[in-house]
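# Report on the structure
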Amino acid sequence: MRRDNQQLLINGQWEAGEGKKRKIINPADESVIIEIAEATDHQANNAVNAARKAFDETDWSVYPGKRVKVLLKVAELLENSLHEVARLETLNTGKPIRESRMDVEDSITCLKYYAGLVDSVSPREIEMEDGSASEVIHEPVGVCSLILPWNFPLLLGMWKIAPALAAGNTVVFKPSEVTPLSIIRFAELLEEAGVPDGVFNVILGEGATVGEAITANRDVDKVSFTGSVETGRKINEICARSFKRVSLELGGKSPLLILQDADIEKAVAWIMFGGFFNQGEVCVAASRILIHESIYQPVVRLLTEKVNKIKIGNPLDETTEMGPIVSGNHLGEIKGYLTLGVEDGATLIGGQQIGVQGFYLQPAIFIDVDQHMRIVQEEIFGPVITVQSFQDEEEAIGFANGTNYGLAAGIISEDVDHAFTVASRIKAGTIWINNYHIPYAEAPWGGYKQSGIGRELGPQGLDSYREVKHVNKISQLKAPGWYGFENDRKEG
Ligand code: NAD
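Quick summary incoming for the structure in this document. No experiment lies behind these values; they were computed from the predicted model shown.

## A word on the environment of Leu 257
Residue position: Leu 257 is located in strand 12 (residues 254-258). Counting along the chain gives 172 residues from Leu 257 to Gly 429, while the straight-line C-alpha distance between them is 16 Å. Once residues within four sequence positions are removed from consideration, Leu 257 is found in contact with Leu 290, Ala 396, Ala 400, Gly 410, Ile 411, Ile 412, Val 422 and Ile 426.

## So, the pairing of strand 4 (residues 32-37)
Sheet topology places strand 3 (residues 21-25) next to strand 4; five bridges connect them, and they run antiparallel. The residue bridging Ile 25 from the neighbouring strand is Val 32, located in strand 4. Hairpin remark: strand 3 followed by strand 4, antiparallel, with six residues in the connecting loop; positive phi at Glu 30, about 65°.

## Description of the side chain of Gln 43
If you trace the backbone, Gln 43 turns up in helix 1 (residues 41-57). Assessed through its relative accessible area of 1%, Gln 43 is described here as buried.

## As for a nonpolar patch on the surface
On the surface, a cluster of nonpolar side chains totalling about 500 Å² of accessible area is made up of Trp 482, Tyr 483 and Phe 485. Position of Trp 482 relative to the elements: it lies in the segment after strand 24 (466-473). A relative accessible area of 57% means that Trp 482 is categorised as exposed.

## Structural notes on the state of the cysteines
Each disulfide consists of a covalent bond between the sulfur atoms of two cysteine residues. Overall, the coordinates contain zero disulfides when judged by the stated rule. Cys 144 supplies the cysteine sulfur nearest to Cys 239, a cysteine that is in no disulfide, at a spacing of 11 Å.

## Remarks on the sheet that holds strand 18 (residues 384-390)
Strand order in the open sheet formed by seven strands is 14-17-18-13-12-20-21, with mixed pairing between adjacent strands. With one partner strand each, in any of the chains shown, strand 14 (347-350) and strand 21 (430-433) form the two edges of the open sheet. Pairs of neighbouring strands in the sheet enclose a mean axial angle of 20°, with direction left out of account. Sheet analysis places strand 17 (residues 364-367) next to strand 18, joined by three bridges and oriented parallel. Residue pairing in the sheet places Ile 365 in a bridge with Ile 385 of strand 18. Packing against the sheet, helix 11 (residues 328-343) makes contact with strand 14, strand 17 and strand 18, and its axis sits at approximately 25° to strand 17.

## Comments concerning the layout of surface pockets
Approximately 1,500 Å³ is the volume attributed to the largest pocket. What lines the largest pocket is a set of 49 residues, among which Trp 150, Gly 227, Ser 228, Thr 231 and Glu 333 lie closest to the centre. Of all elements in the fold, only strand 3, helix 7 (207-216), strand 10 (222-226), helix 8 (229-241) and helix 11 reach the threshold of two or more residues within the lining of the largest pocket. For the lining of the largest pocket, the element with the highest residue contribution is helix 8, accounting for seven residues. When the residues that make up the lining of the largest pocket are grouped by side-chain class, the tally is 21 nonpolar, 17 polar and eleven charged. Inspection of the lining of the largest pocket shows a minimum of three residues originating in each of domain 1 (8-250 + 451-471) and domain 2 (255-433). Looking at the second largest pocket, its volume works out to about 330 Å³. Along its surface, the second largest pocket is lined by 14 residues, and Arg 98, Met 272, Phe 273, Ile 310 and Glu 321 are the ones closest to its centre.

## Regarding the site of the ligand
Within the structure, the ligand sits among 29 residues, and Leu 148, Glu 177, Ser 228, Leu 250 and Glu 379 are positioned closest to it. Interatomic distance of 2.8 Å between a side-chain N/O atom of Lys 174 and an oxygen atom of the ligand. In this structure, an oxygen atom belonging to the ligand sits 2.6 Å away from a side-chain N or O atom of Glu 177. Surface burial for the ligand is 90%, taken as the share of its 860 Å² of free accessible area covered by protein chains. According to the grid-proximity analysis, the pocket containing the ligand is the largest pocket.

## Quick word on the packing of aromatic side chains
One pass over the structure, following the stated rule, counts ten aromatic pairs. When the ring of Trp 270 is compared with that of Phe 273, the centres are 5.9 Å apart and the planes differ by 70°; the resulting orientation is edge-to-face. Of this pair, Trp 270 and Phe 273 are both found in helix 9 (residues 264-276), three residues apart, which corresponds to roughly one turn of the helix. Taking the relative accessible area as the measure of exposure, Trp 270 reaches 24% and is therefore partly exposed. Summarising the aromatic geometry, the rings of Trp 482 and Tyr 483 are spaced 6.5 Å apart at their centres and angled 50° between planes, so their arrangement reads as tilted.

## Points about the sheet that holds strand 5 (residues 124-127)
Reading across from one edge, 5-6-24 is the order of the three strands in this open sheet, with antiparallel pairing throughout. In the strand order of this sheet, the two ends are held by strand 5 and strand 24, each with one partner. Taken pair by pair, the neighbouring strands of this sheet meet at an average axis angle of 20°, ignoring direction. As paired elements, strand 5 and strand 6 (residues 133-140) share four bridges and run antiparallel to each other. If you follow Ile 126 over to strand 6, its bridge partner there is Ser 134.

## Description of a negative patch on the surface
On the surface, a cluster of negative charge is made up of Asp 261, Asp 263, Glu 265, Glu 414, Asp 415 and Asp 417. Mapped onto the elements, Asp 261 comes out in the loop between strand 12 and helix 9.

Thresholds, definitions, all that
- Sequence order as written defines residue numbering, which begins from 1 separately in each chain.
- Predicted model: local features are reported for residues with pLDDT of at least 70 only, side-chain atom pairs are reported and counted for 80 or more only, and whole-chain, interface and lining totals are derived from all residues.
- Based on all heavy atoms of the structure, the side-chain values leave hydrogens and waters out of the count.
- Each helix is a run of H or I in the DSSP string that is no shorter than four residues. Each strand is a run of E no shorter than two, and both are numbered from the N terminus.
- Should any heavy atoms of two residues lie within 4.5 Å, those residues are counted as being in contact.
- If DSSP finds at least two bridges between two strands, the strands pair.
- Type-normalised accessible area, obtained with a 1.4 Å probe on protein chains alone, sets the label of each residue: buried when under 20%, exposed when over 50%, and partly exposed for intermediate values.
- A residue counts toward a patch only above 30% relative accessible area and without a salt bridge, and it is joined to like-charged neighbours within 9 Å or, for Val, Leu, Ile, Met, Phe, Trp and Tyr, to nonpolar neighbours within 5 Å.
- Surface accessibility in these figures is a Shrake-Rupley result with a 1.4 Å probe; residues are shielded only by whichever protein chains are displayed.
- A pair is scored as a salt bridge if a Lys or Arg side-chain nitrogen falls within 4 Å of a carboxyl oxygen belonging to Asp or Glu.
- Pairs of cysteine sulfur atoms within 2.5 Å are identified as disulfides in what follows.
- The convention used is that axes are lines fitted to C-alpha atoms, helices contributing only their stretch in contact, and that angles between N-to-C directions extend from 0 to 180 degrees.
- A 1.4 Å probe that fits into a set of points on a 1 Å grid over the protein atoms alone but cannot get out defines a cavity; an open set with protein on both sides within 12 Å along at least five of seven lines defines a pocket, and lining residues are those with an atom within 4 Å of a point.
- Grid points are joined across faces, edges and corners, and a volume is the space filled by probe spheres set on the points.
- Gly falls in the polar group here, along with every residue not listed as nonpolar (Ala, Val, Leu, Ile, Met, Phe, Trp, Tyr, Cys, Pro) or charged (Asp, Glu, Lys, Arg).
- Domain limits in this description derive from either an automatic procedure or a database domain assignment.
- Near, as used in this document, describes a residue that has one of its heavy atoms within 4 Å of the molecule or strand being considered.
- Whenever two N or O atoms come within 3.5 Å, that pair is a polar contact, provided that in protein one can donate a hydrogen and the other can accept it, and provided that, for residues adjacent in sequence, both atoms are side-chain atoms.
- More than half of a molecule's atoms lying within 2 Å of a cavity's or pocket's grid points is what places that molecule inside it.
- Here a Phe, Tyr or Trp ring, Trp counted by its six-membered ring, pairs with any other such ring whose centre lies within 6.5 Å, and the pair is stacked when the planes are under 30 degrees apart, edge-to-face when over 60, and tilted otherwise.
- His is not counted, nor are the chain ends; Lys and Arg add positive charge and Asp and Glu add negative charge.
- To locate a charge, take NZ of a lysine, CZ of an arginine, CG of an aspartate or CD of a glutamate.

As structure tokens, then:
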């Protein structure tokens, strides 16, 4: 970890932030891990200038082979540093160490996937009926500002960094002000892997200052943002002013449907994994559980029993199943929703704060809930699930689609073909049948409705960092056949 107070990377140089000082806190015990000096707007704009210059004046965007080398090398370096980076991620976010290792492993997979995809579909040639020929060429968009939340600082970062660099863009990266540590370490590895100066820049600081600076700067061609709907709306509005390219990965309130034929034990296991993985601080968390009325009682009984046995504690302990909430602020927000749910008439099971040091919270289950309640409609982003029963699938689909979100959904059933027909009626970007949470580098990720615009991962993830150019050509120069010139063009 860089302890020299120089934690901004601008044009290949590490420099000290000239803005606010911020203590980075370990949520497991509230100790200070390190103090960070954040960037000023001026430094943020310097980072954009560096990225602009690197894009316009170097050959980074010209040679795919060079980019593949850097991506594969940094994947190798990350593999060698897996345990160190995973530990840093756990210290900063509170997520259980084995989940942090999965994040690093998935980050490596993502880097390798996009290294393999760099030149896959470009250029594409098309012979036209009129004798002309077209080439469809993909070009990098240019300078990309990448803005990230705190729940998967490295992995979600990689979903943007890998395709952005693979496509030949240059980057200004802003992690969440709460969780910058793993990305600072990754930037060091990227330097070691030979990324040219200015191609990858890191700035630290708050959204309202440096975040907005790297969104509004006219030298930025694209903003890719992951975070809340509220911030996404602001970023979208700023980008709209100059028609800047924008991708938004926003919040969710994802339903998990337990169909009538589901095995009760397995269903409960998926509910817990879907709802409480990463302390429920996951955009796709299965936060609304919809259970067929014929099995509602036994599922809730077993769920309540099993949830009490989740091992909550020090996230560095290999056997821990749930760590602390990321920050005291966020713990306060979650507790606010627990109070609100009870005030609205729902019954709360669990949800007590644990201990006096560290931001630990028992998982919470709300039963006796109605579709219109705020705890059912709004993203809580913690270990809190609401449980509803449904009479038939028509009602289940109505509940599933009955929020402003459309990020993900899950269906648990013995009949996969039938579950697939249910999936076709749910408005969500990712639907898992008898599975949950797993992102696949090869398959797209993103939201319907207010859960976002655009897709990450898969070939779509690479396309979101490329402009498409169509060049049409006729090999022999001839007159077009208008305004009295002889028409020697073949009609189609
Ligand atoms: P947030 O919106 O508060 O902040 C996200 C990032 O945006 C941070 O880096 C922050 O500094 C920055 N930011 C804040 N205001 C800004 C502004 N005006 N201009 C530019 N940048 C600004 O979100 P958060 O609390 O860090 O993360 C939780 C949210 O992220 C949840 O809503 C969750 O659903 C969402 N999320 C979505 C996905 C997905 O893939 N769809 C993944 C993870 C998290």
